[in-house]
Structure formats: C-alpha cells, structure tokens
Amino acid sequence: EVEETVGDAANARKFLDAPSDMLKESPLLVQLNGKLGLKDLVCMGGFRNRRQEYAWEGFTLELDETYFEHGTLYEIEVETDRPEE
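Described below are features of the structure shown in this document. Owing to the predicted nature of the structure, the values given are computational and were not obtained by experimental measurement. (Residues numbered from 1 in each chain as written. Predicted model: local features only at pLDDT ≥ 70, side-chain atom pairs only at ≥ 80, totals over all residues. Heavy atoms only, no water.)

1. With respect to unusual backbone geometry
Threshold: Each helix is a run of H or I in the DSSP string that is no shorter than four residues. Each strand is a run of E no shorter than two, and both are numbered from the N terminus.
Even without being a glycine, E57 presents a positive backbone phi close to 50°. Turning to its location among the elements, E57 is positioned in the loop between β1 (47–56) and β2 (59–68).

Below, the structure written as structure tokens:
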C-alpha cells in the first residue's frame with residue numbers, strides 16, 4: 001500500500017501538459033506502472049468543482065456541483081461526528 005501525498009496545485013498543473021511524467025514522479029503510479037508496464041498516460045479531459053457546506057439539524061451537508069465537458073454532476077454528502085446514530 002502506498003500513501004499518496006497531496007502536492008501543491010502549481011506543481012500538479014505541469015501534468016496537464018505532460019501526464020506521463022506522473023509515471024515517474026507519483027509513488028502510487030510508479031508502483032502501479034511496475035505491475036502494468038504502462039508506456040504513457042493521456043489526459044482525457046478535466047472538470048471544475050464547487051462545494052458548499054450547510055449546517056442542518058446537527059449535521060454538515062456538503063453539496064458538490066461538478067462540471068464536466070459532457071454535463072454537470074451533483075452530489076450531497078452528510079458529515080457527522082456521530083456515525084453510529
């Protein structure tokens with residue numbers, strides 16, 4: 001198992017122009033590439049996300065609106081510090 005660290009956005013943007021570089025620089029993809037023998041990666045598109053949080057009856061609701069080239073996806077998550085209830 002490999003724990004992937006989150007890098008800064010400016011550094012990550014370089015992978016949009018050269019996605020195959022992730023096969024050498026990302027520990028997770030280096031490990032995966034060792035098993036699959038990938039030659040290169042291709043960027044197939046992107047998305048933009050907007051998240052809004054709302055307090056509701058002791059819960060936190062997270063509403064995501066994700067924009068893709070083919071349409072918009074909506075997702076709602078309920079966050080709680082009491083998952084057993």
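2. Quick look at the pairing of strand β3 (residues 71–79)
What counts, and what does not: Any two strands between which DSSP finds at least two bridges are classified as paired.
The pairing of β2 with β3 spans nine bridges and is antiparallel. Each residue of the ladder has a partner; that of E62, found in β3, is E77. Turn length for the β2-β3 hairpin, with the two strands adjacent in sequence and antiparallel, is two residues.

3. Brief notes about the sheet that holds β3
How we decide: A fitted line through C-alpha atoms represents every axis, and for helices the fit uses only the stretch in contact; the resulting angles, taken between N-to-C directions, go from 0 to 180 degrees.
Taken in spatial order, the three strands line up as β1-β2-β3 in an open sheet, and their pairing is antiparallel. Since the sheet does not close on itself, it has two edges, and those belong to β1 and β3, each with one partner. Mean inter-strand twist for the sheet, computed between neighbouring axes without regard to direction, equals 15°. Of the strand pairs in this sheet, β1 and β2 are connected by 10 bridges, and their pairing is antiparallel. Bridge assignment links W56 to a residue of β2, and that residue is F59.

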